[in-house]
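Report on the structure
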Amino acid sequence: MYKKIVGWVMSMLAFAAVPQALAAAPDGSQLFADHCATCHAAPRGRMPSKEMLAQRAPEEIFLAVVAGIMQPERGDLSEDDVRAIATALTGKAPGTIPQPDPAANLCKVPGGPIDLKDGHWSGWGRDVENSRYQPDPGLKAADISKLKLKWAFAYPGYIIYGQPAVAGHRVFVTSMKGLVFALNADTGCTYWSYDNHTATRSAISIGEIPTKTGKTVALWFGDDKGAVTALDAATGTELWKVQVDRHPMALITGAPKLDGNRLYVPVSSNEEAAGLDNNYACCTFRGSIAVLDAATGKQLWKSYTVAGEAKVFKKNAAGMDIKGPAGVAIWTSPTIDTKRGLVYAATGDSYTDSDVDDSDAIIALDSKTGKRKWLFQAVAKDNYLVDCPGADGVNCPSAPGPDVDFNASPILRTQPNGKSIVLATGKTGEIYALDPAQNGKLLWKRKLGEGNPIGGIGWGSTADDANVYVAYWAGFMAAPGTAPGGITALNIVTGEPVWNTIGAAPSCGWGPVNCFNGQLSALAGIPGAVFSGSLDGHLRAYSTKDGSVLWDVDTFGRHNSVNGVPAQGGSINFGGPVVADGKLFVNSGYGRFIGKSGNALLVYSVDGK
């Protein structure tokens, strides 16, 4: 009887505590007002507005704050607080959207050895020159109008970072959740998945390494904690993992570049965002290129963009030390000039007023030693932290720059006259042609659109033997339909326009908020055609002859996936389409700063066969 009474009392106490627990639940709207509204009440710099955030998945907002780009601004918010904010913004709690099982749709037959002679696209730019041009696509320009969806794959995590890589009839992809997949390129079934336990956005590079028994096809990728991982491409077995940079804000966004037995790794950081916190001791990060032995991960050399470690040079308004010089991150995959033994890297802005000479620049390094050979600086004194000059940004540089990094890999091409040329584009909205034989001398430049922190020229152009094809977006946080973008073909020798096609009006299929026609994603070229994605979710093919549209598909919306849950298409940005093995691969759903998020890998083939 005593036990029954005690049990009854305990149950009543628990029942009585329920309303109190509910009353004590975090108020997401108030937490947003207290911690987030300063930057997100309205569009501001790179910051999406509250209305834009409301269109996103709750998982995306939760992961961005807990483990992603906004982690430096999390402060004392608990995970429950972040969940409450995500729920208040989107009307849905994190965890309510079905997530795919990594073990779903496993291939019934082993994939077998990988033959790199088959159609492939390795890393960011396909080749060491970062041309983003596929000379042997297994697809004719005349057949592009017949492209239809062959299969779709739903990523876990509901935001897309990377870009597919293709080799040996397999497609390899990374994800925000840290999961890496090897899929059958014909059916989409999963050969293996690997959990990297941290957001992984770089494209994957593929190549051979020597082993005791011969050679093994391996793959390499970087992550948001500054590490590089090597896996056996056939099995997904980890070969090695190396911390390339130990700065707490270091991350790797550009694909490691494989050349022979050397892996060239670009290092970037989130310190540009961490500086928003007035209590953060800013700034100490230095961008770099690290070179690793591809087989072992052993570091061969490391070259910093900022020569010396940061030192205190002034106090901020709160009385805290400001250090510098700092920044000059390398966001993109480096380019290899095998003829001259050089590595070309594109740099970003400086974080402080302490002067540097190589921000917003193309740097040439000796591929064997890392010694700087020459540089071309497009914009000097671009000293910038996210949201500067904010209302209370005590860490802001005294004269904040325009934030117009080089955000695309340089392209190395051979002109019809046999001479080499380096083509570089960035957020200034300009393209620069440099002569590597004359220490980066400027041969020509052309302005295609207005520069700004997100617009201008996006993540990558493509070039064949005659022309370079450049997509751009002239507007920034503008009203729908008022910011024309487009794609232009330029003669690589003279820089003269061959043709220009203005971007189509945005479809706005997912509503009027944040609906743009900007073409910021990297391009892909094949003989006769160039593929370009748009922020409104459209993917188009343009004729290299005259710029006419050969094919236009809207990737937005739900697609039946091969792994069990709907694949949601959205904006196409950052990583671009990839063409290999007779198929077109594209990620749809990049909405990190602007645009509509999603989780779809879409694969197109002629008649869907």
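The coordinates are above.
Structural notes on the overall build of the protein
Along the protein, the regular secondary structure elements total seven helices and 38 strands. Taking all 609 residues of the protein together, the buried fraction comes to 61%. By sequence separation, contacts in the protein at least 24 residues apart represent 58% of the contacts at least 6 residues apart. Element-wise, carbon and sulfur atoms account for 54% of the exposed surface of the protein, whose accessible area totals about 22700 Å².

Details of the state of the cysteines
Applying the stated rule across the entire model yields three disulfides. Two residues, Cys388 and Cys396, share a disulfide whose sulfurs are 2.0 Å apart. Taking the sign of the torsion about the S-S bond as the criterion, the disulfide between Cys388 and Cys396, at about -90°, is left-handed. For the pair formed by Cys388 and Cys396, the shared burial category is buried.

Quick word on helix H2 (residues 28-35)
Restricting attention to buried positions, one finds in H2 the residues Gly28, Leu31 and Phe32. Projection of H2 onto a plane perpendicular to its axis shows the buried side chains occupying an angular sector of 100°, all on one side. Two or three places before Ser29, at the start of H2, stands the capping residue Asp27, its side-chain oxygen 3.1 Å from that residue's backbone nitrogen.

Observations concerning the pattern of salt bridges
If the charged atoms of two oppositely charged side chains come close together, the side chains can form a pair. A full pass over the atoms with the stated rule returns 19 salt bridges. Measuring nitrogen to oxygen at the nearest pair gives 3.1 Å for the salt bridge that ties Arg83 to Asp80. You can see Arg83 and its partner Asp80 sitting in helix H6 (residues 79-90), three residues apart, about one turn around the helix. The exposure class assigned to Arg83 is partly exposed, which follows from its relative accessible area of 33%.

Some remarks on the nonpolar core
Trp220, Val228, Val244 and Leu263 are the most contacted members of the largest nonpolar core, which has 29 residues in total. With three residues, the single largest contributor to this core is strand S12 (residues 262-269). Not counting the four nearest positions on each side in its chain, Val244 is found in contact with Gly226, Ala227, Val228, Ile252, Val265, Val267, Ala290, Leu292, Gln299 and Lys302. Formed by 26 residues, the second largest nonpolar core is a distinct cluster that contains Cys36, Leu53, Ala86 and Ala199.

Examining the environment of Gly123
Relative to the elements of secondary structure, Gly123 occurs in the loop between H6 and strand S1 (147-154). Expressed as a C-alpha distance, the spacing of Gly123 and Leu258, which sit 135 residues apart in the sequence, is 8.4 Å. Non-local contacts of Gly123, meaning those with residues more than four positions away in its chain, are made with Gln163, Ala165, Ala203, Ile204, Ser205 and Ala255.

Some remarks on the sheet that holds S1
Reading across from one edge, S1-S38-S37-S36 is the order of the four strands in this open sheet, with antiparallel pairing throughout. With one partner strand each, in any of the chains shown, S1 and strand S36 (578-580) form the two edges of the open sheet. Within the sheet, the average angular offset between the axes of one strand and its neighbour, ignoring direction, is 25°. Pairing of S1 with strand S38 (residues 600-606), which is carried by seven bridges, proceeds in the antiparallel orientation. Paired with Leu149 across the two strands is Tyr604, which belongs to S38.

As for the sheet that holds strand S2 (residues 165-167)
Spatial strand order, S2-S3-S4-S5: four strands in an open sheet with antiparallel pairing. A single partner strand is all that each edge strand has here, and the edge strands are S2 and strand S5 (190-195). Taking the axes of each pair of neighbouring strands and ignoring which way they run, one obtains an average angle of 15° across the sheet.

Some words on the packing of helix H5 (residues 58-66) against H6
Packed helices, taken two at a time, are described by the angle between their axes plus the distance between the axes. One can describe the packing of H5 onto H6 by two numbers: an axis separation of 9 Å at closest approach and a directional angle of 145°. Relative to H6, H5 is oriented so that their crossing is right-handed. Here Pro58, Ile61, Phe62, Val65 and Val66 of H5 lie close against H6, whose contacting residues are Glu79, Val82, Arg83, Ala86, Leu89 and Thr90. Residues that form the contact of H5 with H6 fall into these classes: eight nonpolar, one polar and two charged.

What to know about the packing of H2 against H6
Between H2 and H6, whose axes approach to 7 Å, the crossing angle comes to 100°. On the basis of their axis angle, the class for H2 and H6 is roughly perpendicular. Seen from H2, the contacting residues are Gly28, Ser29, Leu31 and Phe32; seen from H6, they are Asp81, Ala84, Ile85, Ala88 and Leu89. For the contact of H2 with H6, a count of residues per class yields six nonpolar, two polar and one charged.

Side note on the environment of Leu300
Turning to its location among the elements, Leu300 is positioned in strand S14 (residues 299-304). When the C-alpha positions of Leu300 and Gly370 are compared, they lie 9.5 Å apart, and in sequence the two are 70 residues distant. When near neighbours in sequence (up to four residues on either side) are disregarded, Leu300 contacts Arg262, Val291, Leu292 and Asp293.

Details of the pairing of strand S15 (residues 311-315)
Sheet analysis places S15 next to strand S16 (residues 321-324), joined by four bridges and oriented antiparallel. Residue pairing across strands places Lys314 opposite Ile322, the latter belonging to S16. Adjacent in sequence and paired antiparallel, S15 and S16 are bridged by five residues, among which Gly319 carries a positive phi angle near 85°.

Considering the side chain of Asn587
Inspection of the secondary structure puts Asn587 in strand S37 (residues 583-588). Here the side chain of Asn587 touches Tyr155 through a polar contact of 2.7 Å, side chain to side chain. Beyond its immediate chain neighbours, meaning those up to four positions away, Asn587 contacts Tyr155, Ile160, Gly162, Gln163, Pro164, Ile572, Ala600 and Leu601.

Parameters and conventions
- Residues numbered from 1 in each chain as written.
- Predicted model: local features only at pLDDT ≥ 70, side-chain atom pairs only at ≥ 80, totals over all residues.
- Heavy atoms only, no water.
- Helix = DSSP H or I, 4+ residues; strand = E, 2+ residues; numbered from the N terminus.
- Buried < 20%, exposed > 50% of the residue type's maximum accessible area, 1.4 Å probe, protein only.
- Contact = heavy atoms within 4.5 Å.
- Areas by Shrake-Rupley, 256 points an atom, 1.4 Å probe, with all protein chains shown as cover.
- Disulfide = S-S within 2.5 Å.
- Arc of directions from axis to C-beta.
- Polar contact = N/O pair within 3.5 Å; in protein donor to acceptor, adjacent residues only side chain to side chain.
- Salt bridge = Lys/Arg side-chain N within 4 Å of Asp/Glu carboxyl O.
- Core = buried A, V, L, I, M, F, W, Y, C linked by side-chain atoms within 4.5 Å.
- Pairing = 2+ DSSP bridges.
- Axes fitted to C-alpha atoms, helices over the stretch in contact; angles between N-to-C directions.
- Left-handed = near helix turned anticlockwise from the far one by under 90°.
- Nonpolar A, V, L, I, M, F, W, Y, C, P; charged D, E, K, R; others polar.
- Parallel < 35°, antiparallel > 145°, perpendicular 65-115°, else oblique.

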